[in-house]
Amino acid sequence: MTDIFVDAKGLACPMPIVRAKKAIDSLQSGQIMELHTTDKGSMNDLQAWVRQTNHELIEAKEDNGVFKFIVKKG
Amino acid sequence: MANKKVAIIASSPGLETAYKALNIATAAAALDAEVAIFFTFEGLSIIHKDAEQMLKLKPGNEGLAEGFRKVNVPTVPQLLDMAKESGVRMIACQMTVDVMGLEKDHFIDGVELGGAAAFLDFAFDAQVTLNF
């Protein structure tokens, strides 16, 4: 069900949202992006990013130091 | 949505200024904002072709170099590429360029030369204005 997967692990701010933006631009509305990060600020940043870009955060969770996000393109 | 605007002035020396201005600029572009950076005085080093030699950490901040490596922070050229790719306008202040005896080809591709009015024309309806 994921249309694009973005591995932003090991990348510092602002790279996770820059990568997320680039990836989601390649999708159609309603398609799904999965993003993994390790930047500790990304839990807050991703929530801000979806608010500002009108995408939908379907899921945000931490798994062993990896933050995993499922975003539906708005 | 596309009417969010962020207007940034980069006028201070050093690598720290480059990171402050470019991180906010690339993040703002990722948040679907239109972004313009006005580079003036020492801030011009950021877009100079020899930026790598010109941009140093402030005295006392040298210890941050290791942290930058450890945290895997993008380099200034990488941030500039991302900024360009995401449509960030980069305006070099014509007056300070002239005062410093510089020419357009001292700067990286994609930089436009302009005066205060060129920046203000963009900045008047920006919701966010920042000065670094």
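Residues numbered from 1 in each chain as written. Chains lettered and ligands numbered in written order. Predicted model: local features only at pLDDT ≥ 70, side-chain atom pairs only at ≥ 80, totals over all residues. Heavy atoms only, no water.

Engineer: I tried to follow the sheet that holds strand β3 (residues 56-63) of chain A on my own but got confused; where do I start?
Structural biologist: Strands in a sheet are paired, the pairing made by backbone hydrogen bonds, and the direction either parallel or antiparallel. Residue and element names in this part refer to chain A. In space, the 4 strands of this open sheet follow the order β1-β2-β4-β3, with mixed pairing throughout. Whereas interior strands pair on both sides, the edge strands pair on one side only; in this sheet they are β1 (4-8) and β3. Neighbour-to-neighbour, the strand axes of this sheet turn through a mean angle of 15 degrees, independent of strand direction. Pairing analysis gives 6 bridges linking strand β2 (residues 32-37) to strand β4 (residues 66-72), with the strands arranged antiparallel. The residue bridging E34 from the neighbouring strand is I70, located in β4. Along the sheet, helix α1 (residues 15-25) makes contact with β1, β2 and β4, crossing β2 at roughly 160 degrees. Of the strands in this sheet, β2, β3 and β4 touch helix α2 (residues 42-53), which is tilted by about 10 degrees from β4. (Pairing = 2+ DSSP bridges. Helix = DSSP H or I, 4+ residues; strand = E, 2+ residues; numbered from the N terminus. Axes fitted to C-alpha atoms, helices over the stretch in contact; angles between N-to-C directions. Contact = heavy atoms within 4.5 Å.)

Engineer: Honestly, the pairing of β2 of chain A in this entry has me stumped. Any pointers?
Structural biologist: On any regular strand, side chains alternate: one points to one face of the sheet, the next to the other face. Residues and elements named next belong to chain A. The buried fraction of β2 is high, at 6 of 6 residues. Here β2 shows two buried faces, one formed by I32, E34 and H36 and the other by M33, L35 and T37. Where β1 lies against β2, 5 bridges are found, and the strand directions are parallel. Residue pairing in the sheet places V6 in a bridge with L35 of β2. Assessed by its sense of winding, the connection that carries the chain from β1 through α1 to β2 is right-handed. (Buried < 20%, exposed > 50% of the residue type's maximum accessible area, 1.4 Å probe, protein only. Right-handed = clockwise from strand over helix to strand, strands pointing away.)

Engineer: In this structure, what is going on with the interface of chain A and chain B? I would like to understand it.
Structural biologist: One widely used convention gives an interface's size as the accessible area the parts lose upon coming together. Residue-level contacts link 14 residues of chain A with 16 residues of chain B. With both sides pooled, the region where chain A packs onto chain B buries about 1,200 Å², and carbon together with sulfur makes up 63% of that total. The interface formed by chain A and chain B includes 2 salt bridges. The residue D32 of chain B makes a salt bridge to K21 of chain A at a minimum N-O spacing of 2.8 Å. Taken together, the links from chain A to chain B amount to 5 residue pairs in polar contact (both at pLDDT 80 or more). Elements that contribute at least two residues to the side of chain A that touches chain B include exactly α1 and α2 of chain A. Here the side of chain A that touches chain B takes 5 residues from α1 of chain A, the largest share from any one element. For the side of chain A that touches chain B, the per-class residue count stands at 8 nonpolar, 4 polar and 2 charged. (Buried area = accessible area lost by both parts, 1.4 Å probe. Salt bridge = Lys/Arg side-chain N within 4 Å of Asp/Glu carboxyl O. Polar contact = N/O pair within 3.5 Å; in protein donor to acceptor, adjacent residues only side chain to side chain. Nonpolar A, V, L, I, M, F, W, Y, C, P; charged D, E, K, R; others polar.)

Engineer: Explain the packing of α1 of chain A against helix α1 (residues 15-30) of chain B here, please?
Structural biologist: Where α1 of chain A contacts α1 of chain B, the two axes come as close as 9 Å, and the packing angle between them is 30 degrees. Considering only the axes of α1 of chain A and α1 of chain B, their crossing is left-handed. Only T26, A27, A29 and A30 of chain B of α1 of chain B make contact with α1 of chain A, whose side of the interface consists of I17, V18 and K21 of chain A. Split into classes, the residues belonging to the contact of α1 of chain A with α1 of chain B amount to 5 nonpolar, 1 polar and 1 charged. (Left-handed = near helix turned anticlockwise from the far one by under 90°.)

Engineer: Even after reading the chapter, I still don't get α2 of chain A, so can you show me in this structure?
Structural biologist: Note: α-helices contain 3.6 residues per turn, so residues at a spacing of three or four share the same orientation. The end-to-end C-alpha separation of α2 of chain A is 16 Å, in line with the 16 Å expected for 12 residues at 1.5 Å each. Buried residues along α2 of chain A sit in contact with α1, β2, β3 and β4 of chain A together with α1 of chain B. (Expected span 1.5 Å × (residues − 1).)

Engineer: Honestly, the side chain of E34 of chain A in this entry has me stumped. Any pointers?
Structural biologist: Residues and elements named next belong to chain A. You can see E34 is positioned in strand β2. Despite being buried, E34 has no salt bridge partner; K68 is the closest side chain of opposite charge, sitting 6.0 Å away. Here T2 takes part through its side chain, which lies 3.4 Å from a polar atom of the side chain of E34. Not counting the four nearest positions on each side in its chain, E34 is found in contact with T2, I4, F5, V6, F69 and I70. (Lys, Arg positive; Asp, Glu negative; His and termini not counted.)

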